[in-house]
Amino acid sequence: MRSETIHKRGDERVEAYLVDYDRARREFSWEQARAALSGLSGGTGLNIAFEAVDRHAAGSRASITALRWLDRAGGVQEISYRDLAELTARFANVLGALGVRPGERVFTLLGRVPDLYVAALGALKARCVLSPLFAAFGPEPVAERMRLGEAAVLVTTPALYRRTVAPIRDRLPALRHVLLTGPTETDLSGTGSLAGLLSAASPEFTIGPTDPQDAALLHFTSGTTGRPKGALHVHEAVVAHHVTARFALDLRPDDVFWCTADPGWVTGTSYGIIAPLVIGATMLSDESEFDARRWYRVLAEQRVSVWYTAPTAIRMLMRRGPEEAARHDLSALRLIASVGEPLNPEAVRWGAEVLGRPVHDNWWQTETGAIMIGNFAAAEIRPGSMGRPLPGIDAGLLERGPNGRALVDADGRVRPLEEAAEGELALRAGWPSMFRGYLHDADRYAAAFADGWYLTGDVARRDADGWYWFVGRADDVIKSAGHLVGPFEVESALMAHPAVAEAGVIGTPDPVAGELVKAFVTLRAGVEPTEELRTELLGFGRRALGSVAPREIVFDDALPHTRSGKVMRRLLKARELGLPEGDLSTLEVTR
Ligand code: AMP
């Protein structure tokens, strides 16, 4: 696929991968997309790390910067494709020397540091399954995910090990190796030094035969009920990472690309590690957290040309006003895209006016592995719309039943809606980055499909021209600052406190973060609802859960229940929003 024709945008001539949408959809085939990648030599399969690193290291891009890392102290470190190939080879050899076999799960619990990228890609080379965790998680979410994922190896920092892992290590019997970054720590038993092992390992590694259907990535996501779900993706997903980076982000080898999502979330892996490297671009990684002035400086000084971020970040920049933006030279920016939560139309326009580029919203989720619906670089943007399905992706809207989800009849049939409509957003199953299972939960996986469709759990509207508009979730999951939070996980953590009899957790609207996590708590008989207790519970939640802890806790001794005794979160939410309790359907448009 070459970058296509010239298209006019205002007075500017734009060259883009996708210009004629209908033609691109007509002519696209996944076979051709697969053929655009190299595959392992000798026809021994397809491996994400080979496409992302080794094939560039062996070619003309070897000395190009693959990773440009900005550390907290203001330093910059550049790692070329050749160096990245060597470092990741060393990591793959370390795993081999430790007796870690293909298919075993390698977890990372790291901030955005070079070791994270080395471990992630090295694990894929070794044909292990990579599961990157968000470093701001507390011990409970980490224990839950590592237990469910049967982590064999964990790469983390000494500080994170002490704070988050040591207290739960006895709950992880499958965990054989903990590799710590940084200087060797002598006082942490049961751990090894990553640097020591890497320097002793060979920088040569030949990736073994990799079936495109072999498991590669394990991402945890949340549902309304139950524990986190482990969505498994296969090596073949790289075909979708590659083409969607071109179609939706218009990413090219000479771009400096900045994906601000943390690799602990799916966006930060698919587009914060894999996609830019497969393209052969320079990928920027910033160790620090959000700060408006810094972010502008990064965009300007690093000459970022394609920027993939989140609506919360755009709204935070908007809050600082246009003056801050005007102080920086953003002329290198060619495309801004965002994902993860609804993008308000004002944010799209603000981008155009203040940053010099509109924000291109796109839609996807953990299970889809790659962008499915998007606003394209050279096409009209309809502010407030998620855009149109990518070439190779068939989206549909299914008629919903009384529980808000797609109606599936006794024969397993669903009812796709024609033309302009509103329904549960569904995707025709079968694209390469589609998840291949929920770990240890075949029933749940099967229930996510009906009649050849994958059911997304989102409600959307389609206009007469085929643009999709997000309406809301058909379930109770919370989206806070772009991060998906499972209410059950938060409720369970709070109920571990001896004063708590029951908890109901919802998202409340917030102008910047979209939603904030709020808990309604019933105390055990005889416990006084004091301010001290509220503060204690907030701290208890924070220590257990980390970044997904509730921001607000209210005591409520009359939580609404279903007949089967479950807390009715939707009613709590209706009350919170001051909506009539009978009319819960209105909830969706409030998001
Ligand atoms: P996650 O699996 O954590 O990536 O979250 C996926 C969910 O985020 C989707 O199912 C949507 O509910 C929401 N989401 C993702 N992208 C968008 C978007 N562009 N507009 C509105 N919601 C979005």
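The shown structure was predicted, so the numbers you read here are calculated from the model rather than taken from an experiment.

What counts and what doesn't
Residues numbered from 1 in each chain as written. Predicted model: local features only at pLDDT ≥ 70, side-chain atom pairs only at ≥ 80, totals over all residues. Heavy atoms only, no water. Pairing = 2+ DSSP bridges. Helix = DSSP H or I, 4+ residues; strand = E, 2+ residues; numbered from the N terminus. Axes fitted to C-alpha atoms, helices over the stretch in contact; angles between N-to-C directions. Contact = heavy atoms within 4.5 Å. Near = heavy atom within 4 Å. Polar contact = N/O pair within 3.5 Å; in protein donor to acceptor, adjacent residues only side chain to side chain. Areas by Shrake-Rupley, 256 points an atom, 1.4 Å probe, with all protein chains shown as cover. pLDDT = per-residue confidence, 0-100. Parallel < 35°, antiparallel > 145°, perpendicular 65-115°, else oblique. Nonpolar A, V, L, I, M, F, W, Y, C, P; charged D, E, K, R; others polar. Salt bridge = Lys/Arg side-chain N within 4 Å of Asp/Glu carboxyl O. Buried < 20%, exposed > 50% of the residue type's maximum accessible area, 1.4 Å probe, protein only.

Student: Quick question: what am I supposed to make of the sheet that holds strand β28 (residues 514-523) here?
Tutor: Paired through backbone hydrogen bonds, the strands of a sheet run either parallel or antiparallel to each other. Strand order in the open sheet formed by three strands is β27-β28-β29, with mixed pairing between adjacent strands. Two strands close off the open sheet at either side, each with one partner strand: β27 (500-510) and β29 (552-555). Averaged over all neighbouring strand pairs, the angle between strand axes comes to 25°, with direction disregarded. The strands touched by helix α16 (residues 487-495) are β27, β28 and β29; relative to β27, the strand with the most contacts, the crossing angle is about 140°. Its contacts with the sheet place helix α17 (residues 531-545) against β27, β28 and β29, and it is angled at close to 135° to β29.

Student: What is the right way to look at the site of the ligand in this model?
Tutor: Around the ligand sit 17 residues in total, of which N362, Q365, T366, R473 and K479 are the nearest. Here K479 contributes a side-chain N or O atom positioned 2.8 Å from an oxygen atom of the ligand. Coverage of the ligand by the protein amounts to 95% of the 500 Å² it exposes when considered alone. For the shell around the ligand, the elements supplying multiple residues, two or more each, are β16 (359-363) and β24 (468-473). The element contributing the most residues to the shell around the ligand is β16, with three residues.

Student: Is there a simple way to think about the side chain of T508 in this case?
Tutor: Along the polypeptide, T508 turns up in strand β27. The contacts of T508, once residues within four sequence positions are left out, are G514, E515, L516, K518 and E576.

Student: Teacher, can you tell me more about the confidence of the model for the protein here?
Tutor: Looking at the protein, the pLDDT average stands at 94 and 96% of residues meet or exceed 70. Scored below 50 in pLDDT, residues 1-8 makes 26 contacts in the model with residues more than four places away or belonging to other chains. With pLDDT under 50 throughout, residues 586-591 is counted as low confidence; its partners more than four residues away or in other chains account for 23 contacts.

Student: When you look at the packing of helix α9 (residues 237-249) against helix α10 (residues 266-279) in this model, what are you seeing that I'm missing?
Tutor: For any two helices packed against each other, the geometry is given by the interaxial angle and the distance between the axes. Interaxial distance between α9 and α10 falls to 9 Å at its minimum, and their mutual angle equals 85°. For the element pair α9 / α10, the angle class is roughly perpendicular. Across the interface between the two elements, V238, H241, H242, T244, A245, R246 and L249 from α9 touch S270, Y271, I274, A275, V278 and I279 from α10. The residue inventory of the contact of α9 with α10, partitioned by class, reads eight nonpolar, four polar and one charged.

Student: In this structure, what is going on with the sheet that holds strand β18 (residues 388-389)? I would like to understand it.
Tutor: Ordered in space as β4-β3-β13-β12-β14-β15-β16-β17-β18, the nine strands form an open sheet in which the pairing is mixed. Looking at strand neighbours, the two that pair on one side only are β4 (76-80) and β18, the edges of this open sheet. Note that β16 and strand β17 (residues 373-374) share two bridges and pair antiparallel. Counterpart to W363 in the pairing with β17 is I373.

Student: Explanation requested: the pattern of salt bridges in the structure shown.
Tutor: Once their charged atoms are close, side chains differing in charge can pair, the charge on each being opposite to the other. In the structure shown here, the tally under the stated rule is 41 salt bridges. The salt bridge partner of K518 is E576, with a shortest N-O separation of 2.9 Å. Residue K518 is located in strand β28, and its partner E576 is located in helix α18 (residues 569-577); the two are separated by 58 residues in the primary sequence. What makes K518 buried here is its relative accessible area of 6%. By sharing partners, the salt bridges in this structure join D250, R252, D255 and R334 into a single network.

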